[in-house]
Amino acid sequence: MKKLVLIPLIAVFQVFTFSATASESYVKHSVENNFCIAKPGTTATLIVDLQDFKGVTRAISDLQSDIQKVTGTQPELVNSLPKNRSYAIIVGTIGKSKFISQLIRSKKINVNAIKNQWEAFSMQIVSKPFPGVDQALVIAGSDKRGSIYGVYDLSQQIGVSPWYWFADVTPQKQSTLAISRNFHKEDHPAVKYRGIFINDEAPALSTWIKKTYGTVKPSKYPFIPNGIPNCNHQFYTKVFELLLRLKANYLWPAMWSNDFNEDDPENPRLADEYGIVMGTSHQEPMLRSQQEWDRRYFKTLGHWDYTKYPDTLVNFWREGIRRNKNYESVITMGLRGANDTDMGGDLKSNIAMVEGIVAKQQKILREEMNPDITKTPQMWCLYKEIQEYYENGLKVPDNITLLWSDDNWGNIRRLPSADERKRSGGAGIYYHADYVGGPRSYKWINTIPVTKIWDQMSKAYAYGADRIWIMNVGDIKPLEVPIDFFMSLAWNPQAWNKDNIAAYTQEWSGLQFGDQNAPAIADLIDKYTKYNGWIKPELLSANTFSLSNYREAETVVSKWKAISDKADSIYSVLEPSKKDAFFELVLYPVKASYTLNDMYFNLSKNHTYAAQGRLSANDYALKTKELFVQDSLLTVAYHTQVAGGKWDGMMNQPHIGYRGWSDPKQNIMPRLNYTKPSETEAIGIAVEGSLSASEVQKPDTLPQFSNYSREKHYLEIFSKQAGLHSFTIQPEQSWIIPSVTSGKVDGEQRIEIDIDWNNAPKGESQFGKISINAENQTYNVVVPLFNPASPNRKSLKGFVESNGYVAIEAEHYTNNRAVNGIQWQLIPGYGRTLSSMMPMPVTSPSFTNLKNAPTLEYDCYIFTTSKIEINTLIAPTLNCLPDADMRFAIAVDDEQPQVVQIPKINIVGSKDDPEWSNSVINSIRVCKTSHSISQAGYHKIKIIMMDPIVTLQRIIINTGGLKPSFFFPSESYR
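Just so we're clear, the structure is a prediction, and the values are computed from it rather than from any experiment.

Novice: Describe the overall build of the protein, naming the residues involved and giving the relevant values.
Specialist: When helices and strands are counted, the protein shows 20 helices and 40 strands. For the protein, the C-alpha radius of gyration of 31 Å lies close to 30 Å, the compact-globule estimate for 974 residues. In terms of its C-alpha atoms, the protein occupies a principal-axis envelope of roughly 95 × 70 × 60 Å. When each of the 974 residues of the protein is scored for burial, the buried share is 62%. For the protein, contacts bridging at least 24 residues in sequence account for 76% of all contacts bridging at least 6. Only carbon and sulfur atoms are counted for the fraction: they give 48% of the accessible area of the protein, which is about 36,200 Å². Between the averaged position of the 104 positive side-chain charges in the protein and that of its 102 negative side-chain charges there is a distance of 4 Å.

Structure, rendered in structure tokens:
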């Protein structure tokens, strides 16, 4: 066994203790024996010291408004101690609020647990806190944001969603709000800096900004070009408030057209006042945006280039630090090329150059901010080629946070090593829920299941990347769910684990829409994000899902249709005040995704059926056009009918018609094919599993019918000439049962074929035949039968081979052997199909002694005696552990296990690795191994853990009959 020097998972999590889990609710709706926040006709008085931070006094004003939203009654907000009050809510910061200081001195409250902590808060009921007040809920913060988070924690508990403005969520009306008299909660974050990056904001967010706030006025800022979206403080204060309500604290602002500091000087001032820590994107160092450079220097100097203009850049950086030094910031260090590109040049020279750059940047920080460089928060994002620099010897000062990145598709590239975890600057993660780049940009809609975020970010936390978590969120909308979950996990990683992760969307849905509809709405969110997680909508085409094999394409569309119909039914019965939010958060993403998938399904039929000569190909061309229009009509509805047109422009992102990695300027109607009537044939025949039409008198063959799976298969009769055409179907064997034996076709008709298994002949290779007669033409179709005498279907143990394969879901193991408390564990709902099996704890050591390693075993019955190929499907996780490899072992029965070394993927930005591209396009990595089966019968497939980062999802044994498809076939009979 290879021993790794890793932080034990329990030790990591035991650093933080919390008095309440994410699912606990402390606000009740009965006043009896409880502290009363509000009841009919009265509310608790809100008390805050005006000498407290402005961000705190502003937040308690929000609480005042929130209580009114829920109860209809606005509480009184005072700045001095009232008299003759039964109930009060007192909010303040330790060392800043005189009321909190008095309560500490009088020993009415004990704040030792939160004092001097980062962003901590305490909430407790205090009897007789001051003369004239009977009872008070006291919210004390260790610092400014601690107080603010305590206030917003209460707001969310009474039913006000953080998304009340950004997603038009209206709170459930309540007449009574109360808290148990013995209530006491203390809380603080696990990750220090938690935030978002507003990125790739054109055309959606930028269009909406222009329509809502206009453009930046060039007369005020003469160096700003005309037509720049006005990302002013009216917009950003909404963002600040959203972040604080989500218990986030960090922001990289929009940067492709805008400059946060210069477009509106109120932006940085109000960010600091609200309590938001500002940064700049991973490519923009020293609080200077790329736009600031381009507006000043591009016409004369071009893009920034340190090899040409080092002194100009150094002065440029110094000005930025000097301007913002009195505001709370995390300073981005280093340098990339302009427009988020690499700098060119050779590796060795670039490493030396950026080391020198950082030395000069730190000199500026010492001179302008604090001589003690450790007092100024700094981070260096190891993005794309910068990670390559680091891995080839780049030296990073110890106090700078190493901000590791994912691969832009949600798979973390690197986690801290044991030595790196000792660095004073710590480590963090830059994570993407939106991306512009290869293999294809994805910007349109939410495609991120929360299970994916949980898998990657819980690993990050367990391996010590806990200083900064920042998510690239594009336009903010429509990524409300992943943003919310990312911040929830960053605040308290203990709250969500493999056993309760499925409950997150139900809890979230309950806050947005009420408990009654929460389970059904959560199911919709889980399914649409899982389905969009199969493959990004921007990657869909007519060929994505197989039209001919395993009924794949029609199964995909039927799943989408089912949740679209369910979303429609929920929308129809929701109270009017909930409909805008439901449209934005659920109905639009579900229906728009269904429409797109259905459009490509019909396009696939159009292309295939035109090649077969079906007249119905023209109908599918028309249907494809209609769905293309339906897609645009859904966008129009979002822009004009939701919230009174509030979000006009927000869904402008093109998503149809990609010709490469970059999005088209507008949606492009796919190419359609058309069919003319045949001059010789009235009808045609096509069988399941074939993309070509059958020929007269030349037998075609249906897929094999198996007594184990007992699946039906089909053939289709279709018109090649206009009019009604009669047909008859005649099985030659009585055990072949067609769904119809005669009829008339005008277009196309599917005929399902079933087997009378009680009378079917025994044997592994039996055959029957069907004759189809129409318009004096005869078509013959062979019916292959797989009906072995043994093993008996009812007494079978494990999975069984049929149609040349065995398909197994990872969770359906026969045996799961643990070693020293390390074991493969089930992660429900994670992955493309059913679930995943993941080694846990995630900080487990690697195993090289394969005879004594955690092992999953799968029993199956295989008839084929020859070479077989096993496709092991694993999550597209990257080799992110510097102290371990990425391997597992596989064996059939007692053979020597084969070690599967999963190729290391290198992502430097200059050219996509084909292995990586395939893995992110298909959301899976497929590992192939060859094995020999010498004897038919029961066999045992063993998946042996070696490195803890491998996550197993499916096993597909190809015994010679596996056909092309996106998902591989459905699970075999067991």
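Structure's up, so let's keep going.
Novice: For the packing of aromatic side chains, give the residues involved together with the corresponding values.
Specialist: One pass over the full model with this rule turns up 55 aromatic pairs. Geometrically, the ring pair formed by Trp118 and Tyr193 is edge-to-face, given 5.5 Å between the ring centres and 75 degrees between the ring planes. Linking Trp118 in the loop between α3 (98-105) and β7 (121-127) with Tyr193 in strand β11 (residues 193-198), this pair joins segments that are 75 residues apart in sequence. Judged by relative accessible area, Tyr193 falls into the buried class, the value being 6%.

Novice: Report on the nonpolar core, specifying residues and quantitative values.
Specialist: Ile89, Leu154 and Phe235 are the most contacted members of the largest nonpolar core, which has 256 residues in total. With residues up to four places along the chain from it excluded, the contact list for Leu154 reads Tyr26, Val27, Ile37, Leu63, Ile89, Met123, Leu137, Ile139 and Ile179. In terms of nonpolar packing, the next biggest core, distinct from the first, is built from 25 residues, Leu715, Phe727, Ile770 and Ile772 among them.

Novice: Any details on the packing of helix α2 (residues 54-71) against helix α4 (residues 144-158)? Residues and values, ideally.
Specialist: The geometry of α2 relative to α4 is characterised by a closest axis approach of 9 Å and an angle of 5 degrees between their N-to-C directions. Our classification of the angle between α2 and α4 gives roughly parallel. Note on element contacts: α4 touches α2 through Lys144, Ser147, Ile148, Val151, Tyr152, Leu154, Ser155 and Ile158, opposite Gly55, Val56, Arg58, Ala59, Ile60, Asp62, Leu63, Asp66, Ile67 and Val70.

Novice: Break down the side chain of Gln361 for me, with residues and values.
Specialist: Its place among the elements puts Gln361 in helix α11 (residues 347-368). Owing to a relative accessible area of 0%, Gln361 belongs among the buried residues under this scheme. Polar side-chain contacts of Gln361 include one of 2.9 Å to the backbone nitrogen of Gly334. Those residues within four positions of Gln361 in sequence are excluded, and the remaining contacts are Pro285, Met286, Trp317, Met333 and Gly334.

Novice: Quick one: what's the story with the pattern of salt bridges, residue by residue and with numbers?
Specialist: All told, the structure shown has 55 salt bridges when counted by the stated rule. Arg414 is paired through a salt bridge with Glu420; the nearest N and O atoms lie 2.8 Å apart. Glu420 carries the same exposure label as Arg414, and that label is buried. Where Asp499 meets Lys498, a salt bridge forms, and the shortest distance between an N and an O atom there is 2.9 Å. By relative accessible area, which is 61% here, Asp499 ends up exposed. The exposure class of Lys498 is buried, given its relative accessible area of 18%. Three or more residues are tied together by salt bridges with common partners; here these are Glu262, Arg288, Glu292, Arg296, Glu319 and Arg323.

Novice: Requested: an account of unusual backbone geometry, with residues and values cited.
Specialist: A cis amide bond links Ser790 to the next residue, Pro791, at an omega of 0 degrees. Tracing the chain through its elements places Pro791 in the loop between β28 (777-787) and β29 (799-800). For the peptide bond that leads from Met840 to Pro841, omega is 0 degrees, which places it in the cis range. Topologically, Pro841 is positioned in the loop between β33 (835-840) and β34 (855-862).

Novice: Before we move on, can you summarise the sheet that holds strand β24 (residues 736-738) with the specific residues and values?
Specialist: The sheet built from four strands is open, its strands ordered β19-β22-β26-β24 with antiparallel pairing. Edge strands, defined here as strands with exactly one partner in the open sheet, are β19 (683-687) and β24. Between one strand axis and the next, the sheet turns by 25 degrees as a mean value, whatever way the strands run. As defined by bridge partners, β24 adjoins strand β26 (residues 748-755) across three bridges and the pair is classed as antiparallel. Counterpart to Pro738 in the pairing with β26 is Ile753.

Novice: Could you give an account of the state of the cysteines, with specific residues and numbers?
Specialist: Per the counting criterion, the structure on display carries zero disulfides. Looking at the unpaired Cys880, the closest cysteine sulfur is the one in Cys927, lying at 15 Å. Note on Cys880: relative accessible area 2%, which makes it buried.

Novice: How would you summarise helix α8 (residues 266-274) if you had to cite specific residues and measurements?
Specialist: Buried within α8 we find Asn267, Pro268, Leu270, Ala271 and Tyr274. Against α2, α4, α6 (233-245), α7 (260-263), β13 (277-278) and α10 (310-324) lie the buried residues of α8. Once α8 ends, the next one or two residues include Gly275, with phi positive near 115 degrees.

Novice: Go over the side chain of Ser919, please, and point to the residues and values.
Specialist: Within the secondary structure, Ser919 is located in helix α20 (residues 914-922). Judged by relative accessible area, which is 1%, Ser919 ranks as buried. Within the local environment of Ser919, its side chain forms a polar contact with the backbone oxygen of Trp916, the two atoms lying 2.7 Å apart. In contact with Ser919, not counting residues within four places along its chain, are Pro876, Ile905, Ile924 and Arg925.

Novice: For the pairing of strand β22 (residues 713-719), give the residues involved together with the corresponding values.
Specialist: Along β22, seven of the seven residues are buried, which leaves the element largely enclosed by surrounding structure. Here β22 shows a buried face lined by His713, Leu715, Ile717 and Ser719 and a second buried face lined by Tyr714, Glu716 and Phe718. Of the pairings in the sheet, the one linking β19 to β22 comprises five bridges and is antiparallel in character. Bridging across to β22, Ile685 finds its partner in Ile717. Relative to β26, β22 runs antiparallel, the two being bridged by six bridges. Residue Ile717 lies in a different strand from β26, and its bridge partner there is Gln749.

Novice: Which residues make up α3, and what are the values?
Specialist: Looking only at α3, the buried set comprises Phe99, Ile100 and Leu103. What you see down the axis of α3 is that its buried residues fit within an arc of 100 degrees, all on one side. Buried positions along α3 lie against β4 (45-48), β6 (85-93) and β8 (133-141). At the N-terminal end of α3, a side-chain oxygen is found 3.3 Å from the backbone nitrogen of Phe99, two or three residues along, and the residue is Ser97. Just beyond α3, the residue with positive phi is Lys107, at close to 60 degrees.

Novice: Can you tell me about the environment of Tyr805, naming the residues and giving the values?
Specialist: With respect to the helices and strands, Tyr805 occurs in strand β30 (residues 805-809). Of the residues examined, Tyr805 reaches a relative accessible area of 7% and is grouped as buried. When the C-alpha atoms of Tyr805 and Thr864 are compared, they prove to be 9.5 Å apart, with 59 residues separating the residues in sequence. The contacts of Tyr805, once residues within four sequence positions are left out, are Tyr550, Val800, Ile957, Thr959, Leu962, Pro969, Ser970 and Ser972.

Novice: Before we move on, could you go through the sheet that holds strand β2 (residues 34-39) and cite the residues and values that matter?
Specialist: Across the sheet, which stays open at both edges, the four strands sit in the order β1-β9-β2-β3 with antiparallel pairing between neighbours. Pairing within the sheet leaves two strands with one partner each, and these edge strands are β1 (27-28) and β3 (42-43). As paired elements, β2 and strand β9 (residues 177-180) share four bridges and run antiparallel to each other. Bridge pairing in β9 links Phe35 to Ile179.

Novice: Which residues make up the confidence of the model for the protein, and what values go with them?
Specialist: When pLDDT is averaged along the protein, the result is 94; 97% of the residues meet or exceed 70. A low-confidence stretch, residues 1-22 stays under pLDDT 50, and its non-local contacts, those more than four residues away or across chains, total 59 contacts.

Novice: Please give an account of empty space enclosed by the protein that cites residues and values.
Specialist: Inspection of every chain in the model, using the stated rule, returns seven cavities of 30 Å³ or more. One number sums up the size of the largest cavity: a volume of about 270 Å³. Lining the largest cavity are 21 residues; nearest its centre among them are Pro449, Lys452, Gly533, Pro876 and Ser923. Every element with two or more residues in the lining of the largest cavity is listed here: α13 (450-462), α16 (518-534) and α20. Split by residue class, the lining of the largest cavity holds eight nonpolar, nine polar and four charged. Around the second largest cavity, the lining comprises 22 residues; the ones closest to its centre are Phe260, Asn261, Met278, Gly279 and Asn324. In the lining of the second largest cavity, the residues fall into 10 nonpolar, six polar and six charged.

Each value, and the rule that gives it
Residues numbered from 1 in each chain as written. Predicted model: local features only at pLDDT ≥ 70, side-chain atom pairs only at ≥ 80, totals over all residues. Heavy atoms only, no water. Helix = DSSP H or I, 4+ residues; strand = E, 2+ residues; numbered from the N terminus. Rg over C-alpha atoms; globule rule 2.2 N^0.38 Å. Buried < 20%, exposed > 50% of the residue type's maximum accessible area, 1.4 Å probe, protein only. Contact = heavy atoms within 4.5 Å. Areas by Shrake-Rupley, 256 points an atom, 1.4 Å probe, with all protein chains shown as cover. Lys, Arg positive; Asp, Glu negative; His and termini not counted. Charge placed at Lys NZ, Arg CZ, Asp CG, Glu CD. Phe/Tyr/Trp six-rings, centres within 6.5 Å; stacked < 30°, edge-to-face > 60°. Core = buried A, V, L, I, M, F, W, Y, C linked by side-chain atoms within 4.5 Å. Axes fitted to C-alpha atoms, helices over the stretch in contact; angles between N-to-C directions. Parallel < 35°, antiparallel > 145°, perpendicular 65-115°, else oblique. Polar contact = N/O pair within 3.5 Å; in protein donor to acceptor, adjacent residues only side chain to side chain. Salt bridge = Lys/Arg side-chain N within 4 Å of Asp/Glu carboxyl O. Pairing = 2+ DSSP bridges. Disulfide = S-S within 2.5 Å. Arc of directions from axis to C-beta. pLDDT = per-residue confidence, 0-100. 1 Å grid on protein atoms, 1.4 Å probe; cavity = no way out; pocket = protein on both sides within 12 Å on 5 of 7 lines; lining within 4 Å. Points joined across faces, edges and corners; volume = space filled by probe spheres on them. Nonpolar A, V, L, I, M, F, W, Y, C, P; charged D, E, K, R; others polar.

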